[in-house]
Amino acid sequence: MRPMPFLLLPAVALVAQAPKSADLAQLFNAELPGINQMLKDLKTQEALTKVQSLIPAERPVFDTSSPKALGQSLDNAQGLMSLYRLHANVASEAGLWERALEIQEKRAQTARAILADLEKAQAPIAAQWKKVTQESGDYVAKNEPRMKELEAKVAAFKAELEEIKTSKKKLSKKEVDEFNARGTQTQLDDQELAQIAAAMPVHKQNLANAPKVTKTLNDNRKEVEGMVKAADEAIAKAKKAVADQNDEITTFNTKQVMQKVKLVGKKNWVDAVLRAPENVTKLGTPQSQAAFLNRMLVLDPGNAGAQKALDNLKAGKEAFAKEAKPAKKTGSKKK
């Protein structure tokens, strides 16, 4: 949960109050290790089923009932984006590149909806603080000089009063009336001074808090804009991967047609790829190799070579391990 050190004006009427929703960031962190282990164990379909079950059917309502709820909503948004990213990654490892692209597009769409929610939620807060900043700035500008003026007047009267008391000077009736009138005004001045002295720290605190609140609101917006940017970049990357592979297959098939080879969907290309085992083995880990083979099986469902290599990996063998031939039985020689 992100810290929210200031009370963001509870007088503001915020929108879309909602019941407490699940903590998607915690859900992601709790489930990620198990899903990663499934992928490492080459249980790709199980991992895909699991991560699909974690995605909420509907995007959680953006709760703006309080600053704390707003922070929780942002945490949930990050958690949801992480779940979408994980879903796309697992779909990709299952060979479902086109499905992964759709998930990334859904992720970007959701991020933009979250940004719209955030803007709606923060608009009244920003407007209120703009008003507060203007009002507090005007108050300080007007009343700081007035405060000094009143302090000087009250101090001068009190000093004069002490001087009269000390000197025991006798005043004429006119002087007494004038002094009493000044005393009455000084009481009013002292009351005004007390009011200003009480209000001044509040207005100065508003002016001190305003930049911090503005920074918090801007940071919130930048955070969600970062979600949108990351999703857009993931879409571009996924599109390029699909397009590059399709271009490679098209180029290969064009050459096959020129050589009068009968084409069977994308099988010709998949078979050609698998005829060079290093296309798989160079990928290093069994998990990476399995992801590649899963893609081959999506492009050419039922491809025997890809399925055999994948089965070998799941059995803990090398992808293209050669089967040991049974030893020939030798009969005993007759004497």
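Being a predicted model, the structure only gives us computed values, none of them experimental. (Residues numbered from 1 in each chain as written. Predicted model: local features only at pLDDT ≥ 70, side-chain atom pairs only at ≥ 80, totals over all residues. Heavy atoms only, no water.)

A. Focus on the overall build of the protein. Tallying secondary structure elements over the protein gives nine helices and zero strands in all. When the helices and strands of the protein are placed in sequence order, the string is α-α-α-α-α-α-α-α-α. Residues counted as buried form 36% of the 335 residues belonging to the protein. A separation threshold of at least 6 residues defines the contact pool for the protein, and within that pool the share at least 24 residues apart is 73%. With the model as given, the accessible surface of the protein reaches about 20,600 Å², and the carbon-plus-sulfur share is 56%. (Helix = DSSP H or I, 4+ residues; strand = E, 2+ residues; numbered from the N terminus. Buried < 20%, exposed > 50% of the residue type's maximum accessible area, 1.4 Å probe, protein only. Contact = heavy atoms within 4.5 Å. Areas by Shrake-Rupley, 256 points an atom, 1.4 Å probe, with all protein chains shown as cover.)

B. Region of interest: the environment of Leu24. Mapped onto the elements, Leu24 comes out in helix α1 (residues 24-40). Once residues within four sequence positions are removed from consideration, Leu24 is found in contact with Pro56, Pro60, Asn76, Gly79, Leu80 and Leu83.

C. Representation of the nonpolar core in the model. One finds Ile35, Phe62, Met81, Val90 and Val224 to be the most contacted residues of the largest nonpolar core, which totals 32 residues. For this core, the element with the most residues is helix α3 (residues 67-93), which contributes 11 residues. Those residues within four positions of Met81 in sequence are excluded, and the remaining contacts are Arg107, Thr110, Ala111, Ile114 and Met227. Grouped together as the second largest cluster of nonpolar side chains are 17 residues, Leu297, Leu299, Ala309 and Leu313 included. (Core = buried A, V, L, I, M, F, W, Y, C linked by side-chain atoms within 4.5 Å.)

D. Structural detail: α3. The end-to-end C-alpha distance of α3, which contains 27 residues, comes to 39 Å, matching closely the 39 Å that a straight helix rising 1.5 Å per residue would cover. By the criterion of burial, α3 is predominantly enclosed, with 22 of the 27 residues buried. Positive backbone phi, at 85°, marks Gly95, one or two positions downstream of α3. (Expected span 1.5 Å × (residues − 1).)

E. Local environment of the packing of helix α6 (residues 267-274) against helix α8 (residues 286-299). Between α6 and α8, whose axes approach to 9 Å, the crossing angle comes to 155°. The angle between the axes of α6 and α8 places the two elements in the roughly antiparallel class. Considering how the two elements wind past one another, α6 and α8 form a crossing that is left-handed. Residue-level inspection shows Trp269, Val270, Val273 and Leu274 of α6 in contact with α8, the latter providing Phe292, Leu293, Met296 and Leu299. Considering only residue class, the contact of α6 with α8 consists of eight nonpolar, no polar and no charged. (Axes fitted to C-alpha atoms, helices over the stretch in contact; angles between N-to-C directions. Parallel < 35°, antiparallel > 145°, perpendicular 65-115°, else oblique. Left-handed = near helix turned anticlockwise from the far one by under 90°. Nonpolar A, V, L, I, M, F, W, Y, C, P; charged D, E, K, R; others polar.)

F. Structural context of α6. Listed as buried for α6 are Asn268, Trp269, Val270, Val273 and Leu274. On the buried face of α6, the contacting elements are α5 (173-258), α7 (278-281), α8 and α9 (304-314).

G. Looking closely at unusual backbone geometry. The backbone of Leu42 sits at a positive phi, close to 65°, despite the residue not being glycine. Assignment of secondary structure puts Leu42 in the loop between α1 and α2 (44-54).

H. Fine view of the packing of aromatic side chains. The full count for this structure, using the stated rule, is one aromatic pair. A centroid spacing of 4.7 Å and a plane angle of 25° characterise the contact between Phe157 and Phe179, whose relative ring orientation is stacked. Placement of Phe157 in helix α4 (residues 97-167) and of Phe179 in helix α5 is noted, with a sequence separation of 22 residues between them. Its relative accessible area of 11% is what places Phe179 among the buried residues. (Phe/Tyr/Trp six-rings, centres within 6.5 Å; stacked < 30°, edge-to-face > 60°.)

I. The arrangement of the environment of Lys229 in detail. You can see Lys229 is positioned in helix α5. Sequence separation between Lys229 and Ala108 is 121 residues; the distance between their C-alpha atoms is 8.2 Å.

J. Molecular detail of the layout of surface pockets. Considered as a void within the structure, the largest pocket measures approximately 400 Å³ in volume. Every residue lining the largest pocket is counted, 20 residues in all, and those nearest its centre are Ala88, Asn89, Ser92, Gln104 and Lys237. For the lining of the largest pocket, the residue count by class is 12 nonpolar, five polar and three charged. Considered as a void within the structure, the second largest pocket measures approximately 350 Å³ in volume. (1 Å grid on protein atoms, 1.4 Å probe; cavity = no way out; pocket = protein on both sides within 12 Å on 5 of 7 lines; lining within 4 Å. Points joined across faces, edges and corners; volume = space filled by probe spheres on them.)

K. A look at the pattern of salt bridges. Summed over the entire model, instances satisfying the criterion amount to 18 salt bridges. Linking Asp189 and Lys153 is a salt bridge whose minimum nitrogen-to-oxygen distance equals 3.1 Å. Taken together, the positions of Asp189 in helix α5 and Lys153 in helix α4 put the pair 36 residues apart, joining distant regions of the chain. A salt bridge links Lys267 to Asp300, with the shortest nitrogen-to-oxygen separation between them at 3.8 Å. Linking Lys267 in helix α6 with Asp300 in the loop between α8 and α9, this pair joins segments that are 33 residues apart in sequence. In this structure Lys267 comes out as partly exposed when scored by relative accessible area, which is 31%. Each of the salt bridges in this network shares a partner with another, and the network as a whole consists of Glu119, Arg221 and Glu225. (Salt bridge = Lys/Arg side-chain N within 4 Å of Asp/Glu carboxyl O.)

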